[in-house]
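# Residue-level structure breakdown
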Amino acid sequence: MDVNKLKAEVIAFSKEIGIDKIGFTTADPFTELKGRLIRQQELGYQSGFEEPDIEKRVTPSMLLEEPLSIISIALAYPVKMKQRVEGRKGGRRGFFSRASWGLDYHHILKDRLKKLEEFILEKVPEARFKSMVDTGELSDRAVAERAGIGWSGKNCAIITPEFGSYVYLGEMITNIPFEPDTPMEDQCGTCTACLDACPTGALVQGGQINAQSCIAYLTQTKGFIPEEFREKIGNRVYGCDSCQTSCPVNKGKDFHFHEEMEADPEIAKPLLRPILKLSNREFKNKFGHVAGSWRGKKPIQRNAMIALAHFKDETAIPELIEALENEASPVMKGTAAWALGKIGGVQAIDALKKAKELETHPDVQKEIENSLSRYTS
Ligand code: B12
């Protein structure tokens, strides 16, 4: 097998199937990452969405027998919507972060990796692979960094010179001894724009995040969002892009290479009030295909309540009262109580007073009392 020829063929084929950047690295253990993951765990800075077994995360040979290389791929995603929604007509809107625009990127990258596997198998029938995107054991960023896709930015993202940090990442461990590419030099320099822009100070220092206070994480949780973060969430119903939009390298970057990634503005920037009334089926039909739906309907509804409070949208008071009175989940009831307190007005306060008499769940009671306390002093 002429591995250099194969590498050139794989690179050429990757362009044909819509892989925007490809890089190659060894299958050696990720020793620096291991220390980092342990440290993050000790500090309580992890999100809990990561693969819990750190050994597996840093040891490709635990994932594929006798691995010899890893191929890293990056696909650029759009930053601006091609179509716009009409201003404030019809009500206030929420915002899904760009990584949740269009078809769920897991499907798109897995499709590209599958095509790459098939291509290699035709040339090398004894080839073996393990491909993954996001939900796999490996750190997609650590692989991409070592494969020369981009540098590891202060905003924690892999930043490519061509597409900025607006790239999805995936990889394939193989048993083919591809020549590794060279990692890129850090280009963040003294810039701290992302650290300054993070609404919650989750970027504790360049390249280190406390996921527990990152808005992207908070919008994906299922419990109560700690009160200190609620106002900072604004109208984000899923994810956060502040550490990306603030990055000077990202300025002007907006690539529309993949039709499936184009945002439907009614979904990526949805009206907030109707979200509160969606049935499970309606939610699945409308949002089921986007990455941001993976945690189900409730977190998006909870975030929509927070966004309506952010706008002080009085027209949402009936829906919020309905949630306070009839929702089964304490998180939904309690968040509705908080939102009603923020919006205020006679109707909202009356509903809170009424709920105070009837409510038995301690967390919801606390939210009701906190909301009412704003009006009694
Ligand atoms: C858990 C997770 C999250 C968590 C935690 C994020 C985090 N920074 O760790 C939350 C929910 C907050 C999150 C948010 C987002 N995520 Co996310 N997430 C992941 C996931 C599943 C694991 C990440 C992880 O292991 N983190 C642990 C940290 C410690 O490691 P790491 O970032 O992977 O690797 C770097 C560090 O270890 C660092 N490092 C290693 N050693 C050392 C030592 C020192 C001294 C320093 C300074 C750094 C350092 O270098 C590595 C390479 O950059 C990956 C998919 C995957 N399987 O890898 C996607 C992934 C990282 N997420 C992604 C995206 C797009 C996002 C969001 C932009 C989505 C959004 N718009 O809301 C935000 C961005 C937030 C941010 N600034 O990180 C992309 C990133 C693409 C890119 N260009 O980098 C990934 C790769 C998914 C994908 N396949 O495309 N995410």
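In short, a report on the structure. (Residues numbered from 1 in each chain as written. Predicted model: local features only at pLDDT ≥ 70, side-chain atom pairs only at ≥ 80, totals over all residues. Heavy atoms only, no water.)

### Notes on unusual backbone geometry
Leaving glycine aside, a negative phi is the common case for residues, and trans is the common case for peptide bonds. Put simply, the test is: Counting from the N terminus, the helices are DSSP H or I runs at least four residues long and the strands are E runs at least two residues long. Relative accessible area decides the class of each residue, using a 1.4 Å probe on protein chains only: under 20% of the type maximum gives buried, over 50% gives exposed, and in between gives partly exposed.
With a phi close to 70°, Asp-134 is a non-glycine residue in the positive phi region. Turning to its location among the elements, Asp-134 is positioned in the loop between β4 (129-132) and α5 (140-146). On the basis of relative accessibility, which here comes to 39%, the residue Asp-134 falls in the partly exposed class. At Lys-312, a residue that is not glycine, the phi angle is positive and equals roughly 50°. Turning to its location among the elements, Lys-312 is positioned in the loop between α13 (297-310) and α14 (317-326). Given the relative accessible area of 49%, Lys-312 is considered partly exposed.

### Observations concerning helix α16 (residues 346-358)
A turn of α-helix holds 3.6 residues, and therefore any two residues three or four places apart point the same way. Our working rule: To estimate how far a helix should extend, the number of its residues minus one is multiplied by 1.5 Å. Arc definition: directions from the helix axis to the C-beta atoms. Here a residue-residue contact requires only that any non-hydrogen atoms of the pair lie within 4.5 Å.
Over its 13 residues, α16 runs 19 Å from end to end, which matches the ideal 18 Å to within 8%, given 1.5 Å per residue. Regarding α16, the residues found buried are Ala-348, Ile-349, Ala-351, Leu-352 and Ala-355. Buried residues of α16, viewed axially, fall in a sector of 160°; they line one side. Seen from the open side of α16, the exposed residues pointing more than 90 degrees away from its buried face are Val-346, Glu-357 and Leu-358. The secondary structure elements touched by the buried residues of α16 are α14, α15 (330-343) and α17 (362-376).

### Considerations on the sheet that holds strand β1 (residues 21-25)
Which entries qualify depends on this criterion: By the convention used here, strands pair only if DSSP detects at least 2 bridges between them. Under this scheme, a helix contributes an axis fitted over its contacting stretch, all axes are lines through C-alpha atoms, and angles between N-to-C directions fall in the 0 to 180 degree range.
The four strands are arranged β1-β2-β7-β4 in an open sheet whose pairing can be described as antiparallel. The outermost strands of the open sheet, each flanked by one partner alone, are β1 and β4. Neighbouring strand axes in the sheet, compared pairwise and without regard to direction, differ in orientation by 20° on average. As paired elements, strand β2 (residues 69-76) and strand β7 (residues 167-174) share eight bridges and run antiparallel to each other. Bridge pairing links Ile-73 to Gly-170 in β7.

### Regarding the environment of Asp-254
Quick reminder of the rule: Throughout this description, a polar contact denotes any pair of N or O atoms lying within 3.5 Å of each other; where both atoms belong to protein, one of them has to be capable of donating a hydrogen while the other can accept it, and for residues adjacent in sequence the pair is counted only when both atoms sit in side chains.
On the secondary structure map, Asp-254 appears in the loop between α9 (242-245) and α10 (265-268). With near-sequence residues (within four places) excluded, Asp-254 lies in contact with Pro-78, Val-79 and Lys-80. A polar contact is formed between the side chain of Asp-254 and the backbone nitrogen of Val-79, at a distance of 2.8 Å.

### Quick notes on helix α1 (residues 3-16)
Helix length check: α1 (14 residues) gives 20 Å between terminal C-alpha atoms against 20 Å at 1.5 Å per residue, within 8%. Among the residues making up α1, those that are buried are Val-3, Leu-6, Lys-7, Val-10, Phe-13 and Ser-14. Projected down its long axis, α1 carries its buried residues within an arc of 130°, all on one side. Across α1 from its buried face, at more than 90 degrees, point the exposed residues Asn-4 and Glu-16. The secondary structure elements touched by the buried residues of α1 are β1 and α4 (105-123). Of the residues flanking the end of α1, it is Gly-18, one or two places downstream, whose phi is positive at about 80°.

### Re the pattern of salt bridges
Worth spelling out the cut-off: Here, a salt bridge means any Lys or Arg side-chain nitrogen found within 4 Å of an Asp or Glu carboxyl oxygen.
A complete count under the given rule lists 22 salt bridges for this structure. Here Glu-262 ties to Lys-82 by a salt bridge, and the two come within 3.9 Å at their closest N and O atoms. Of the two residues, Glu-262 is situated in the loop between α9 and α10 and Lys-82 in the loop between β2 and β3 (95-96); the sequence distance between them amounts to 180 residues. By relative accessible area, Glu-262 is classed as buried at 14%. The residue Asp-241 makes a salt bridge to Arg-98 at a minimum N-O spacing of 2.8 Å. Separated by 143 residues along the polypeptide, Asp-241 in the loop between β10 (236-238) and α9 and Arg-98 in the loop between β3 and α4 bring together distant segments of the chain. Across the pair, Arg-98 and Asp-241 agree in class, each one buried.

### Considering the packing of aromatic side chains
Applicable threshold: Each pair of aromatic rings taken from Phe, Tyr and Trp, with Trp reduced to its six-membered ring, is defined by centres within 6.5 Å and is described as stacked if the planes are under 30 degrees apart, edge-to-face if over 60, and tilted in the remaining cases. Counted as over-ring charges are cases with an Arg CZ or a Lys NZ within 6 Å of the ring centre that also lie within 35 degrees of the ring normal.
Under the criterion given, the structure shown has 14 aromatic pairs. In this structure an aromatic cluster arises from ring pairing among Tyr-77, Tyr-105, Tyr-166 and Tyr-168. The cationic tip of Arg-146 hangs over the ring face of Phe-30; the distance from NZ or CZ to the ring centre is 3.8 Å. The ring of Trp-294 carries the charged tip of Arg-295 above its face, separated from the ring centre by 5.0 Å.

### Considering the nonpolar core
Note the threshold: As used in this record, nonpolar core signifies buried Ala, Val, Leu, Ile, Met, Phe, Trp, Tyr and Cys residues forming a set joined through side-chain atoms within 4.5 Å.
One finds Phe-287, Leu-320, Leu-324, Leu-340 and Ile-368 to be the most contacted residues of the largest nonpolar core, which totals 54 residues. Leu-75, Val-79, Leu-113 and Phe-129 belong to the second largest nonpolar core, which has 31 residues in total.

### Some points on a negative patch on the surface
For clarity, the cut-off: Only residues whose relative accessible area exceeds 30% and that take part in no salt bridge are eligible for patches, with like-charged residues grouped when within 9 Å of each other and nonpolar side chains (Val, Leu, Ile, Met, Phe, Trp, Tyr) grouped when within 5 Å. Surface exposure here means Shrake-Rupley accessible area, sampled with a 1.4 Å probe, where a residue is shielded only by the protein chains that are shown. In this tally, Lys and Arg are treated as positive and Asp and Glu as negative; His is ignored, and so are the chain termini. Note that the charge is assigned to NZ on lysines, CZ on arginines, CG on aspartates and CD on glutamates.
The grouping of Glu-32, Glu-145, Glu-185 and Asp-186 at the surface amounts to a negative patch. Following the sequence through the fold, Glu-32 ends up in helix α2 (residues 31-43).

### Examining the site of the ligand
So the rule is basically this: Throughout, near means a residue has at least one heavy atom within 4 Å of the molecule or strand. Classification convention: Asp, Glu, Lys, Arg as charged; Ala, Val, Leu, Ile, Met, Phe, Trp, Tyr, Cys, Pro as nonpolar; all other residues, Gly among them, as polar.
In the neighbourhood of the ligand, 41 residues make up the surrounding shell, with Arg-57, Asp-134, Ser-139, Ser-152 and Leu-169 lying closest. Within the backbone of Asn-155, one N or O atom sits 2.8 Å away from a nitrogen atom of the ligand. Ile-158 has a polar backbone atom sitting 2.8 Å from an oxygen atom of the ligand. Mapped by element, the contributors of at least two residues to the shell around the ligand are α2, α5, β7, α7 (215-218) and α9. Broken down by element, the shell around the ligand gets its largest block of residues, five residues, from α2. In terms of residue class, the shell around the ligand is built from 19 nonpolar, 13 polar and nine charged.

Shape descriptors only; they carry no functional weight alone.
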